[in-house]
Amino acid sequence: MNWIEFAWAMMAAASLTLGLIHLLVWFKERSRYAHLAFFVLASAVAAFSAFELSVMRASSPVAYATAVRWAHVPLAVVVLSIIGFVHFYFDAGRLWLAYAAAGFRLLALVLNFLTGANLNFLEVTALGQSTLWGGAVAAFPIGIPNPWQVVAQIGNLLLVAFVVDASITLWRRGEPVARRRAALVGGSLVLCIVVVGSLAAMIVTGTVKAPTILTPGFLVVVLAMGYELSWDVIVAAQLAAKLQMSEVSLRASEEKFRAVVESVPSAILLVDGNGKVVLSNAQAHVLFGHTGDELIGLMVDELVPARLRSSHESYRKSYALDARARAMASTREVYALNRSGTEAPVEVALRPIWTAGAMYVLVSLVDLTERRQMERSAVHQRDQIAHLSRVAMLAELSGSLAHELNQPLTASLSNAQTAQYHLAQHPTQPEKVSKLLAEIVKNNRRAGAVIQRLRSLLKKEEAQHHALNVNDVIRDALRLLHSDLLSRQVTMDLDLAEALPQVDGDRVQLQQVLLNLVINAREAMDDRKENRRIVVCSRLTERGGVEISVADDGDGVPPQDLERIFEAFVTTKSHGMGLGLAICQSIAEAHGGRLVATNNAGGGATFRFELPVRTAPESNA
């Protein structure tokens, strides 16, 4: 065996081995058709190398012509497999070029068997002998060229055009890996086709007196393709290893995430973009009365009461258009539906989570049932304390209130006695008696109004908010202080703005605040012998609220106490427990307002009680 036989056998074996390796890869992943095309190409190159060795060892022109004729079969397979490989591996190239190149190659194969000795020669007339390196001898042809070989050359040109077009498209994608493939595989293919086609044409025409040696060129292409494919396999293996590590890390992260979710005292749901629950914690199971398996896959809309589902679905869809961390429906009550049918008020916080292009929403729910019970208890206690404060305040005003009642009652008694006397003396003159009776009715109504005001202030009941006119509240409250202020020589001035918007509040509690502020203003001027004046104003503030202010001409509030006087048990009086202003502040806050105190520039202090304007109609209160 000379070195040519050994070299061609080794090239065939190497090509076939590479092909078999990638055939196994294709069996593992059937979608990788580039590996199958490479196996066909490598097998065809191995077969062509055997025919080429027969051509070089041919002993007669007939044997040479026969070997070349059959060598065109694996050669055609090489061309077709190159087209398939480039199409699947580059995912580029114009298909019409691929079909044209394949069509001309198949036509050439048919002509190879129908015209002349083979596609290269009409007839091989003689064989020459060429001595190669190492003393090896190989045959080369002498004969008449077959004019139909132009079909194969056209096919080669179309193949080059297809490979170049696919390589340029791949290069323009700009990725480093894509450009390397275009340069290495595309470049080696074009070089091989041009060199092999040119060499074959020169041997046929007799320009070059040399044996046909094409296998080394094909092997270069096989090695270039095999290198790229093998590199892809290595990269895929590395990616698989990284993916496995990522999966382990992901499982660990999921376990940590689940541990965190389970440790949160709030109910937690993870909802996908379609509104289905994909994760829940133990607190959610307690809140909704479902097990974890029952919650998974359940539509989140089914976890709210039926009367709220349509609005909840609309809110969920609108949230997806502006997904950001925020509280849900802060302006309305939100309820969670337990499996038993009971409802629980909840506070809901939403936070979007983006993973692999999909959006999930982390829903945090806090059960407000206990908080609402505590709030109701606190409101009840505040109402009780406010009631006790009103009773104590009215007890302090008992003398003035008795005088306020005594006046109309005394007038009624006097008018009744006068009417009796007039009827006894002038029974035929009832006109004067009618006037006296009208005065009695007027005075009784006045006394009844006082009693009604006292009754409402003394009555113990929960606060009830209604639409109120602030000026009416002020006038009704101050009527109770009329006698008290007169007896203490205190002047009361009213400066009430007209056409003020209504406020939402409890009439009794607002009157209590006003009475407390006026009494405090009156007591602040007890040491003054003159200029004892209180001004009560109402106005619309710049912030859109309604303000009631009470100003006096006393000594004012010590600057260090301006912020503290609204705290419980803080007082500037020599008597009292310091609860009045604290209760007034709690009433103001319960009405969504505020109570502040300032000292006047000319002396005295002003207390301002601001309330928000009512926005809802009375029917919705």
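For the structure itself, look to the data block above.
Everything quoted here is computed from the prediction, not taken from an experiment.

Thresholds, definitions, all that
Residues numbered from 1 in each chain as written. Predicted model: local features only at pLDDT ≥ 70, side-chain atom pairs only at ≥ 80, totals over all residues. Heavy atoms only, no water. Helix = DSSP H or I, 4+ residues; strand = E, 2+ residues; numbered from the N terminus. Buried < 20%, exposed > 50% of the residue type's maximum accessible area, 1.4 Å probe, protein only. Contact = heavy atoms within 4.5 Å. Areas by Shrake-Rupley, 256 points an atom, 1.4 Å probe, with all protein chains shown as cover. Pairing = 2+ DSSP bridges. Axes fitted to C-alpha atoms, helices over the stretch in contact; angles between N-to-C directions. Phe/Tyr/Trp six-rings, centres within 6.5 Å; stacked < 30°, edge-to-face > 60°. Lys NZ or Arg CZ within 6 Å of the ring centre and 35° of its normal. Core = buried A, V, L, I, M, F, W, Y, C linked by side-chain atoms within 4.5 Å. Salt bridge = Lys/Arg side-chain N within 4 Å of Asp/Glu carboxyl O. Patch = residues over 30% accessible without salt bridge, like charges linked within 9 Å, V, L, I, M, F, W, Y side chains within 5 Å. Parallel < 35°, antiparallel > 145°, perpendicular 65-115°, else oblique. Left-handed = near helix turned anticlockwise from the far one by under 90°. Nonpolar A, V, L, I, M, F, W, Y, C, P; charged D, E, K, R; others polar. 1 Å grid on protein atoms, 1.4 Å probe; cavity = no way out; pocket = protein on both sides within 12 Å on 5 of 7 lines; lining within 4 Å. Points joined across faces, edges and corners; volume = space filled by probe spheres on them.

## Quick word on the overall build of the protein
A tally of regular secondary structure across the protein gives 17 helices and 15 strands. Buried residues in the protein amount to 43% of all 621 residues. Within the protein, contacts between residues at least 6 apart in sequence are counted, and of these 66% link residues at least 24 apart. Of the roughly 33,000 Å² of accessible surface on the protein, 59% is carried by carbon and sulfur atoms.

## Here we look at the pairing of strand 4 (residues 277-280)
As defined by bridge partners, strand 3 (residues 267-271) adjoins strand 4 across three bridges and the pair is classed as antiparallel. Note that in strand 4 the partner of Leu 270 across the bridge is Leu 279. Adjacent in sequence and paired antiparallel, strand 3 and strand 4 are bridged by five residues, among which Gly 275 carries a positive phi angle near 90°.

## Structural notes on the sheet that holds strand 10 (residues 491-496)
With respect to topology, five strands assemble into an open sheet ordered 10-12-13-15-14, the strand pairing being mixed. On the outer flanks of this sheet lie strand 10 and strand 14 (594-599), each paired with one strand and no other. Across the sheet, the mean angle from the axis of one strand to that of its neighbour is 15°, orientation sign disregarded. In this structure, strand 10 lies alongside strand 12 (residues 533-540), joined through six bridges in parallel fashion. Residue Leu 494 lies in a different strand from strand 12, and its bridge partner there is Val 536.

## Comments concerning the packing of aromatic side chains
Tallying each qualifying case throughout the model produces five aromatic pairs. Both rings, one in Tyr 89 and one in Phe 90, keep their centres 6.3 Å apart while their planes meet at 40°; by these two values the pair is tilted. An identical accessibility class is assigned to Tyr 89 and Phe 90; each is buried. Grouping aromatic residues by their ring pairs yields a cluster made of Phe 85, Tyr 89 and Phe 90. Of note, Arg 30 hangs over the ring of Trp 26, and the distance from its end group to the ring centre comes to 4.7 Å. Over the face of the ring belonging to Tyr 335 we find Arg 307, whose NZ or CZ atom lies 5.5 Å from the ring centre.

## Details of the nonpolar core
Counting 43 residues, the largest nonpolar core has Phe 85, Phe 218 and Met 225 as its most contacted members. Among the elements of the structure, helix 2 (33-56), helix 3 (61-90), helix 4 (95-114), helix 5 (149-172), helix 6 (176-205) and helix 7 (215-263) are those that each provide at least two residues to this core. Here the element with the most residues in this core is helix 3; it accounts for ten residues. Residues within four places of Phe 85 in sequence aside, it is in contact with Ala 34, Ala 37, Phe 38, Phe 90, Val 185, Met 225 and Leu 229.

## Topic: the pattern of salt bridges
Applying the stated criterion to the full structure yields twelve salt bridges. For the salt bridge of Glu 294 with Arg 339, the shortest nitrogen-to-oxygen distance reads 2.9 Å. One end of the pair, Glu 294, is in helix 9 (residues 292-295); the other, Arg 339, is in the loop between strand 6 (335-337) and strand 7 (343-355), with 45 residues separating them in the sequence. Looking at Glu 294, the relative accessible area reads 30%, which means it is partly exposed. The salt bridge partner of Glu 610 is Arg 543, with a shortest N-O separation of 2.7 Å. One end of the pair, Glu 610, is in strand 15 (residues 605-611); the other, Arg 543, is in the loop between strand 12 and strand 13 (546-552), with 67 residues separating them in the sequence. Here Arg 543 falls in the exposed class, since its relative accessible area comes to 57%. Overlapping salt bridges, with partners in common, bring together Arg 539, Glu 547 and Arg 608 in one network.

## Description of the environment of Ala 152
Mapped onto the fold, Ala 152 is located in helix 5. By relative accessible area, Ala 152 is classed as buried at 9%. Once you skip the residues sitting within four places of it in the chain, Ala 152 turns out to touch Arg 105, Ala 108 and Leu 119.

## Observations concerning a nonpolar patch on the surface
The grouping of Val 40, Trp 70, Val 73, Val 77, Val 110, Phe 113 and Leu 114 at the surface amounts to a nonpolar patch, some 580 Å² of accessible area in total. For the nonpolar patch, the elements supplying multiple residues, two or more each, are helix 3 and helix 4.

## Quick notes on the packing of helix 4 against helix 5
One way to put it is that helix 4 packs onto helix 5 with a least axis distance of 8 Å and a crossing angle of 155°. With respect to each other, helix 4 and helix 5 are oriented roughly antiparallel. Classified by chirality, the crossing of helix 5 by helix 4 is left-handed. Together, Leu 97, Ala 98, Ala 100, Ala 101, Phe 104, Arg 105, Leu 107, Ala 108 and Leu 111 of helix 4 and Val 151, Ala 152, Ile 154, Gly 155, Asn 156, Leu 158, Leu 159, Ala 161, Phe 162 and Asp 165 of helix 5 make up the contact between the two elements. Among the residues making up the contact of helix 4 with helix 5, the classes are represented as 15 nonpolar, two polar and two charged.

## With respect to empty space enclosed by the protein
Where empty space is left becomes clear once a probe the size of a water molecule has been rolled over the atoms. Using the criterion set out here, one finds two cavities of 30 Å³ or more in the structure. The calculated volume of the largest cavity comes to roughly 460 Å³. Around the largest cavity, the lining comprises 31 residues; the ones closest to its centre are His 72, Leu 75, Asn 120, Ala 200 and Leu 214. Elements that contribute at least two residues to the lining of the largest cavity include exactly helix 2, helix 3, helix 5 and helix 6. Ranked by residue count, the leading element in the lining of the largest cavity is helix 3, at eight residues.

## Some details on the side chain of Asn 338
Mapped onto the elements of the fold, Asn 338 is located in the loop between strand 6 and strand 7. With a relative accessible area of 16%, Asn 338 lands in the buried category. Sequence-distant contacts of Asn 338, that is, excluding residues within four places in its chain, are made with Val 286, Leu 287, Phe 288 and Gly 289.

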